Amino acid sequence: MSAPSDSFETAQVPEPKVSEREARRVAEAAREQGWRKPSFAKELFLGRFRLDLIHPHPAPPAEDVRRGEAFLATLRDFCETKIDGARIEREARIPDEVVNGLKELGAFGMKIDRKYGGLGLTQVYYNKALAVVGMANASLGALLSAHQSIGVPQPLKMFGTQEQKDTFLPRLARTDISAFLLTEPDVGSDPARLATTAVRDGDDYVLDGVKLWTTNGVVADLLVVMARVPKSEGHKGGITAFVVEADSPGITVENRNAFMGLRGLENGVTRFHQVRVPAANRIGPEGAGLKIALTTLNTGRLSLPAMCVGAGKWCLKIAREWTAAREQWGKPVAHHEAVGEKISFIAATTFALEAVVDLSSQMADEDRNDIRIEAALAKLYGSEMGWLMADELVQIRGGRGFETADSLAARGERAVPAEQVLRDMRINRIFEGSTEIMHLLIAREAVDAHLAVAGDIIDPDKTLSDKARAGAQAGAFYARWLPKLVAGPGQLPGSYAEFHPKGHLDLSAHLRYVERTSRKLARSTFYAMSRWQGGMETKQGFLGRIVDIGAELFAMSAACVRAEMLRSGGEHGREAYQLADVFCKQSRIRVEELFTRLWSNTDDVDRKVVKGVLAGAYTWLEEGIIDPSGDGPWIADATPGPSQRDNVHRPIR
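Residues numbered from 1 in each chain as written. Predicted model: local features only at pLDDT ≥ 70, side-chain atom pairs only at ≥ 80, totals over all residues. Heavy atoms only, no water.

### Overview of the overall build of the protein
When you go through the protein residue by residue, the secondary structure sums to 23 helices and 10 strands. Taking 26 Å as the expected radius of gyration for a compact globule of 653 residues, we find that the protein reaches 25 Å, a close match to that expectation. Seen along its three principal axes, the alpha-carbon backbone of the protein occupies a region of about 75 × 70 × 65 Å. A buried classification covers 55% of the 653 residues belonging to the protein. Contacts in the protein between residues far apart in sequence, at least 24 positions, make up 78% of those at least 6 positions apart. (Helix = DSSP H or I, 4+ residues; strand = E, 2+ residues; numbered from the N terminus. Rg over C-alpha atoms; globule rule 2.2 N^0.38 Å. Buried < 20%, exposed > 50% of the residue type's maximum accessible area, 1.4 Å probe, protein only. Contact = heavy atoms within 4.5 Å.)

### Focus: the pattern of salt bridges
Counted according to the given criterion, the structure contains 44 salt bridges. E89 is the partner of R263 in a salt bridge, and the nearest nitrogen-oxygen pair spans 3.9 Å. In this pair, R263 is assigned in the loop between β6 (251–256) and β7 (267–278) and E89 in helix α4 (residues 85–91), connecting sequence segments 174 residues apart. Between R368 and E366 there is a salt bridge, with the nearest N and O atoms lying 2.9 Å from each other. The exposure class assigned to R368 is partly exposed, which follows from its relative accessible area of 46%. Connected through shared salt-bridge partners, R93, D96, R256, E266 and R650 make up one network. (Salt bridge = Lys/Arg side-chain N within 4 Å of Asp/Glu carboxyl O.)

### Quick look at helix α23 (residues 603–615)
In a regular helix each residue adds 1.5 Å, so 13 residues correspond to 18 Å; α23 covers 19 Å between its end C-alpha atoms and thus fits that length. Positioned one or two residues after α23, G616 has a phi angle of 85°, which is positive. (Expected span 1.5 Å × (residues − 1).)

### As for the confidence of the model for the protein
On average, residues of the protein score 92 in pLDDT, and 95% of them are at 70 or above. In this model residues 1–16 is a low-confidence stretch, pLDDT under 50, and it forms 57 contacts with partners more than four residues away in sequence or in other chains. (pLDDT = per-residue confidence, 0-100.)

### A look at the nonpolar core
Counting 100 residues, the largest nonpolar core has L377, F499 and F583 as the members making the most contacts within it. If you tally residues by element for this core, the top one is helix α21 (residues 540–568), at 16 residues. Residue contacts for L377: discarding those within four places in its chain leaves A41, F45, G382, I442, V547, G550, A551 and F554. (Core = buried A, V, L, I, M, F, W, Y, C linked by side-chain atoms within 4.5 Å.)

### Let's talk about the environment of A364
Counting through the fold element by element, A364 comes out in helix α12 (residues 337–366). As for A364 and E374, which are separated by 10 residues in sequence, their C-alpha atoms are 9.8 Å apart. The contacts of A364, once residues within four sequence positions are left out, are Q123, T299 and I371.

### Section: the packing of helix α6 (residues 123–136) against helix α11 (residues 303–325)
Taken N-terminus to C-terminus, the directions of α6 and α11 make an angle of 50°; their axes are 8 Å apart at the nearest point. In terms of orientation, α6 and α11 fall into the oblique class. The element α6 and its partner α11 pack so that their crossing is right-handed. For the pair formed by α6 and α11, the contact residues are Y126, N127, L130, A131 and M135 on the first element and S303, A306, M307, G310, A311 and W314 on the second. (Axes fitted to C-alpha atoms, helices over the stretch in contact; angles between N-to-C directions. Parallel < 35°, antiparallel > 145°, perpendicular 65-115°, else oblique. Left-handed = near helix turned anticlockwise from the far one by under 90°.)

### Description of helix α19 (residues 464–481)
Because an α-helix completes one turn every 3.6 residues, residues spaced three or four positions apart along the sequence face the same direction. Its 18 residues place the ends of α19 25 Å apart at the C-alpha level, agreeing with the 26 Å of an ideal helix rising 1.5 Å per residue. Along α19, the residues that are buried comprise A470, A474, F477, Y478 and W481. Along the axis of α19, the buried positions cluster into a sector of 90°, meaning they face one direction only. For α19, the exposed residues lying more than 90 degrees away from the buried face are L464, A468, R469, A472, A479 and R480. (Arc of directions from axis to C-beta.)

### Things to note about the side chain of S587
Topologically, S587 is positioned in helix α22 (residues 573–599). For S587, a relative accessible area of 0% puts it in the buried group. In this structure, S587 is in contact with E552 and M556, ignoring residues within four places of it in sequence.

### Thoughts on the side chain of D176
Inspection of the secondary structure assignment puts D176 in the loop between α9 (162–174) and β1 (178–181). Only 2.7 Å separates the side chain of D176 from the side chain of R171, close enough to count as a polar contact. At 2.9 Å, the side chain of D176 forms a polar contact with the side chain of T175. For D176, the contacting residues outside a window of four places in its chain are H147, R171, D221, L222 and R653. (Polar contact = N/O pair within 3.5 Å; in protein donor to acceptor, adjacent residues only side chain to side chain.)

In structure tokens form, the structure reads like this:
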């Protein structure tokens, strides 16, 4: 798991050091520009429902399943017998013996190839393993995910030299812990403002700067550090990635941060002062750091929703057991409709979220499709729905949901850590890109085809001749594309008939809805682009709703495909169809509400109120309150220089 990103709608930061246009240019340059492989989600946003890209559901090779299941059995036994989650919560630290035990199991090398000493598990089984260990304690899931999903192993696997792989991967598979360092006190989701520098000096680079929210940074042995190389003669410069030994002279872990959840998280503040890093430790060329980070996250983001799946399964178990045992007004509370609808939501959503994660993961393993949008949608949808499921469980448990597990045990009741799970789940809406940032990231990818043909028309830097050429190109594209949005298989009653087998509920109707609605979504996007043109990038509320509709359609598709896979395999088919059916019915209600809110909302008046708040027009509303906040700056000083604090770096051996 990466460091938390700022939620830009709430964060208070100083004036940017770069212009808005420069910030956008840096972010755009880091994107993967081409689409060399098909993408189900990309096509969905364009109004093209390519069911053939996900159905039949891709299946893993038998040997991968055998090795994956064998490791899961070993890991589950370790979690049940060697991990005391309540102790981690009380002491706010993962015991060293637990970390070392996970190392011995090979859990730190799950995604590392076997030739380097790793387990070489597939993305599917890596995610399943994270779900298992995350439910033993969420901090453990964060530890393993930050190490492998975005820490040193994954960037090296994708972009490292053979020498770098030979040097570092064996260490990372068994003994060393890694961390990813991008965020700074004044830099969250806007990397154009990155202040940490890496200046070339002979065969080395010299790093100076401060990194914030360095998950695993307190205990790490190896770091991936993003730093800005100044442009100079013979040096392209730009944000660049480096592998850095965590015990290098000049590195100080100045603080171990504490949070509302994930109390065992080894997350800190790391200062670099004149830290020498061999040029051989640079990953990729100068200026490629952000592209490396974003490409790594294409699959790395799947680890977070995988742990949300585990949490959903646990929430369902507790809800089932508790509501059957607890009676009110003469019957178990599960039979009261107000509680029952919450149980149904948790069950259906857990099924759909597992379908999204497993489908995306299997596609990642097959490498036939470009899953950058699917992985981002999985992260966005998983974090939002995971939080809602945990919140509903607390509500179902009532006062016991608000009470800590230790307190429940002290008075003789089952120690159910519902409130802890809620606290632990909250960070998922911020980790690895806040929900607000994910909306913008996915929206940019969703409109890529439009910008590719018509972007020059709204680009103020383009000449009239450029705009004229773009106009002709756009005219040709839309002349072919728009007519296809009028009608499709979703209007034919017999479409997708294989999803209505005899004796089962009808899922074909839901897929016809997805097909029709994807075309409606594409028409709405086109209309908005025609209406707002270059101003559309400021319509963040609209873009967020467009993305949320796409996420629901993706989840509905995945749920139906998974249900049919289970039915055809003879595994809980009838029950799977029932869960997929109820999920789709719930999802369709949300989709219709989102479509209404595309054009009927308070976005304009909200902006006026925000201007009034910032201008001080409503300070009278704050009068009389008592602010328990302490003194100090909103953002800590990150001026480069030697550290004035003790080093709390604590490598685990």
